[in-house]
Amino acid sequence: MEPIIRLQDLRFEYLSFEGEEIAALNGVTLDIQKGEFVAIIGHNGSGKSTLAKHLNALLRPSSGVVWIKGMDTRDEDKLWEIRQTAGMVFQNPDNQLVATVVEEDVAFGPENLGLPPEEIRKRVDEALKVVGMQEYAQAAPHYLSGGQKQRVAIAGILAMKPEIIVLDEPTAMLDPVGRHEVMETIKYLNKHEGITVVHITHYMEEAVDADRVIVMEQGKIVLQGTPRQVFSQVKVLKEIGLDVPQVTELAYRLKAEGLDIPLDVLKVEEMVDAICRL
Amino acid sequence: MIRDITIGQFFPGQSIIHKLDPRVKIALTFAFIVIIFFAKTYVGYGLIFAYIAFAVWLSQVPVRYILRGLKPLLFIIVLTFLINVFFTPGSKVLFRIWAFKFTQEGLNQGIFMTLRLVLLVVGTSLLTLTTSPISLTDGIERLLQPLQVIRFPAHELAMMMTIALRFIPTLLEETDKIMKAQMARGADFESGNLFQRAKALVPLLVPLFISAFRRADELAMAMESRCYRGGQNRTRMKILKTTRRDYLAVAVTLLLIAGILLDSYVL
Ligand SMILES: Nc1ncnc2c1ncn2[C@@H]1O[C@H](COP(=O)(O)OP(=O)(O)OP(=O)(O)O)[C@@H](O)[C@H]1O
Ligand SMILES: [Mg+2]
């Protein structure tokens, strides 16, 4: 099947104030299938956000091609269809809500699409229900917690009926409760609504449940595979200065001490099993 | 807490005045302001007073809320009264104090000007007290829409108002945070003369501005990614509908206008 996201040798340079070119992406080639849950991890400045912005045509490649559902992002005529197909959630929940009332904010996207009012109403109610925020439909955003604001932002994207949601560190500014809320929402969307998810994160624990983990470094993909494959490469990850989930780290150290523990442990339960089997 | 501050002075309620279409309310408030300046007799002002008193009564907004709007203007109102009383030329001298003449015309003029100011404030307060900022913005946008043919940026104006309303609480909260952070490092915002205090604000304003620009940048990006492309092709979830009560309000206001014009210019 045709992948829903295709990147072909994507390169991108920012222009600094001094007119210098700063290379942010150095040839990324990547296919993502419909319905996949992909986590992207990597250092500060490794090009994750730049990559994310290409999926939504907020940035266009300096060279190489990005296809979203077969649409080339350089094609001006397809711009709005691409943005509707691939919705984007950003890090700071405060800086992406536009309206003074939750339901008005969720309606913002569909309103931009020029949908009839009844259709917008229906979509807004549905989207708020999916993220569990329907009780807050009339609330003002600044009264909500970070996690709730982020769920409203997700609802705002859902109301546009996207096939892909790209989330750029949506949990970075949240407390553990908010993070949990948001993660559950994202997983639900992927499992039950069949939405393709590209989730950028600094928290390794959040990448564990993905179908595929992609590790970026200096504008390139340096490692990818299932979470088990990726996180068992503790040494490689450490070399580029990344953490692994805490249990994996523990397994790595126990193994180094000579205990017979598999290196691809990702969850606490698996660790318990492994230790009991010793 | 700082985020509890409300913008404007909306007094939530379910009265017939609250439920009027915001477009109608704004238009009627304008008509009201204009007609205030057409009234020329005590009877005329009596009519206007009765009209606004009736509206206030219907709105169920406590009178003290309405009068609160007058407080900051008290000085200007008194000053206007005095200036008009003493400097209106007139012949029917009631009495003199030193070089000042106190005439019947002056007295009338003073009272009328005072009434105009008071009615003006009461009328506009009633509008903002009974209309939430969102419906006010909505109403303004749709009233100004016809002006878009002469390229008046009605949609942009309304969008700016909405974003301002959305971000004022966020920025206030942030100001509070920065202020506390600077105070913890020994900054002093409360003592010293005006110049010193203004200077103390610099370390507050600089981070606030930087953050506001960053927010603006991110918000623009988020709006664009949600397919925002200005007003064209855009629909709205909520459609404003005029109902019977709106026509009723218009009819009553038309009656008032007719009454004032008759009273001042025909009789
Ligand atoms: N607007 C910009 N102008 C110039 N250079 C930029 C701009 N945005 C990012 N860069 C540079 O591009 C590179 C990649 O940045 P990017 O934001 O994509 O990284 P990231 O992986 O998202 O990092 P983080 O984890 O901090 O979010 C960095 O070297 C960064 O300094
Ligand atoms: Mg980033």
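Residues numbered from 1 in each chain as written. Chains lettered and ligands numbered in written order. Predicted model: local features only at pLDDT ≥ 70, side-chain atom pairs only at ≥ 80, totals over all residues. Heavy atoms only, no water.

Remarks on the overall build of chain B
Move 1: Looking only at helices and strands, one finds ten helices and two strands in chain B.
Move 2: Helices (α) and strands (β) of chain B occur, in sequence order from the N terminus, as α-α-α-α-α-β-β-α-α-α-α-α.
Move 3: What you see for chain B is a C-alpha radius of gyration of 24 Å, clearly larger than the 18 Å of a compact globule of 267 residues, by over 25%.
Move 4: C-alpha atoms of chain B, sized along the principal axes, occupy 65 × 55 × 40 Å.
Move 5: The buried share of chain B, reckoned over its 267 residues, is 35%.
Move 6: Within chain B, counting contacts between residues at least 6 apart in sequence, those at least 24 apart form 73% of the total. (Helix = DSSP H or I, 4+ residues; strand = E, 2+ residues; numbered from the N terminus. Rg over C-alpha atoms; globule rule 2.2 N^0.38 Å. Buried < 20%, exposed > 50% of the residue type's maximum accessible area, 1.4 Å probe, protein only. Contact = heavy atoms within 4.5 Å.)

Points about the site of ligand 1
Residues and elements named next belong to chain A.
Move 1: Near ligand 1 you find 13 residues, and of these N44, G45, K48, S49 and T50 are the closest.
Move 2: One nitrogen or oxygen atom from the main chain of S46 is found 3.2 Å from an oxygen atom belonging to ligand 1.
Move 3: Note that an oxygen atom of ligand 1 is positioned 3.1 Å from one of the side-chain N or O atoms of H202.
Move 4: Secondary-structure elements contributing two or more residues to the shell around ligand 1 are β2 (21-32) and α1 (48-55). (Near = heavy atom within 4 Å. Polar contact = N/O pair within 3.5 Å; in protein donor to acceptor, adjacent residues only side chain to side chain.)

Notes on the domain arrangement of chain B
Move 1: Domain assignment breaks chain B into domain 1 (2-131 + 241-266) and domain 2 (154-225).
Move 2: Between domain 1 of chain B and domain 2 of chain B, the C-alpha centre-to-centre distance is 36 Å. (Domains from an automatic or database assignment.)

Observations regarding a nonpolar patch on the surface
Residues and elements named next belong to chain B.
Move 1: A cluster of nonpolar side chains, namely F75, I76, L79, I83, F87, L94, F95, I97, W98 and F100, defines an oily patch on the protein surface of about 1100 Å² accessible area.
Move 2: The set of elements that each furnish at least two residues to the nonpolar patch consists of α5 (74-87) and β1 (93-97).
Move 3: If one sorts the elements of the nonpolar patch by residue count, α5 sits on top with five residues.
Move 4: Relative to the helices and strands, W98 is located in the loop between β1 and β2 (100-103). (Patch = residues over 30% accessible without salt bridge, like charges linked within 9 Å, V, L, I, M, F, W, Y side chains within 5 Å. Areas by Shrake-Rupley, 256 points an atom, 1.4 Å probe, with all protein chains shown as cover. Salt bridge = Lys/Arg side-chain N within 4 Å of Asp/Glu carboxyl O.)

Thoughts on the interface of chain A and chain B
Move 1: The interface is formed by 41 residues belonging to chain A together with 30 residues belonging to chain B.
Move 2: Buried surface at the junction of chain A and chain B, summed over both partners, amounts to about 3400 Å²; 55% is from carbon and sulfur atoms.
Move 3: Here chain A and chain B share eight salt bridges between them.
Move 4: Here B:R234 and A:E111 are joined by a salt bridge, their closest N and O atoms 2.8 Å apart.
Move 5: If you look at where chain A meets chain B, you find 18 residue pairs in polar contact (both at pLDDT 80 or more).
Move 6: Among the elements that take part in the side of chain A that touches chain B, helix α3 (residues 102-112) of chain A stands out by supplying ten residues, more than any other.
Move 7: For the side of chain A that touches chain B, the class distribution of residues is 22 nonpolar, eleven polar and eight charged. (Buried area = accessible area lost by both parts, 1.4 Å probe. Nonpolar A, V, L, I, M, F, W, Y, C, P; charged D, E, K, R; others polar.)

A word on the sheet that holds strand β3 (residues 37-42) of chain A
All names here are of chain A.
Move 1: Read from one edge of the open sheet, six strands run β6-β7-β8-β3-β9-β10, paired in mixed fashion. Edge positions in the open sheet fall to β6 (86-89) and β10 (220-225), since each of these has one partner strand only. On average, each strand axis in the sheet is inclined to that of its neighbour by 20°, with strand direction left out of account.
Move 2: The strands touched by helix α5 (residues 146-158) are β6 and β7 (164-168); relative to β6, the strand with the most contacts, the crossing angle is about 165°. (Pairing = 2+ DSSP bridges. Axes fitted to C-alpha atoms, helices over the stretch in contact; angles between N-to-C directions.)

Points about the packing of aromatic side chains
Move 1: The full count for this structure, using the stated rule, is eight aromatic pairs over all chains.
Move 2: Pairwise contacts between aromatic rings join B:Y42, B:Y45 and B:F112 into one cluster.
Move 3: The cationic tip of B:R229 hangs over the ring face of A:W80; the distance from NZ or CZ to the ring centre is 4.3 Å. (Phe/Tyr/Trp six-rings, centres within 6.5 Å; stacked < 30°, edge-to-face > 60°. Lys NZ or Arg CZ within 6 Å of the ring centre and 35° of its normal.)

Description of empty space enclosed by the protein
Move 1: Within this structure, the stated rule accounts for two cavities of 30 Å³ or more.
Move 2: Within this model, the largest cavity holds a volume of roughly 220 Å³.
Move 3: For the largest cavity, the lining is made up of 18 residues, of which A:A99, A:E104, B:T162, B:R234 and B:R236 are closest to its centre.
Move 4: Elements represented by at least two residues in the lining of the largest cavity include exactly α3 of chain A together with α7 (133-144) and α8 (154-184) of chain B.
Move 5: Sort the elements by how many residues they give to the lining of the largest cavity and α8(B) lands first, with five residues.
Move 6: Its residues placed into classes, the lining of the largest cavity shows eight nonpolar, four polar and six charged.
Move 7: Roughly 40 Å³ of volume is contained in the second largest cavity.
Move 8: As for the second largest cavity, its lining consists of A:M88, A:F90, A:Q96, A:L97, A:A153, A:I157, B:A222, B:S225 and B:R226.
Move 9: Broken down by secondary-structure element, the contributors of at least two residues to the lining of the second largest cavity are α5 of chain A together with α9 (194-225) of chain B.
Move 10: Residues that form the lining of the second largest cavity fall into these classes: six nonpolar, two polar and one charged. (1 Å grid on protein atoms, 1.4 Å probe; cavity = no way out; pocket = protein on both sides within 12 Å on 5 of 7 lines; lining within 4 Å. Points joined across faces, edges and corners; volume = space filled by probe spheres on them.)

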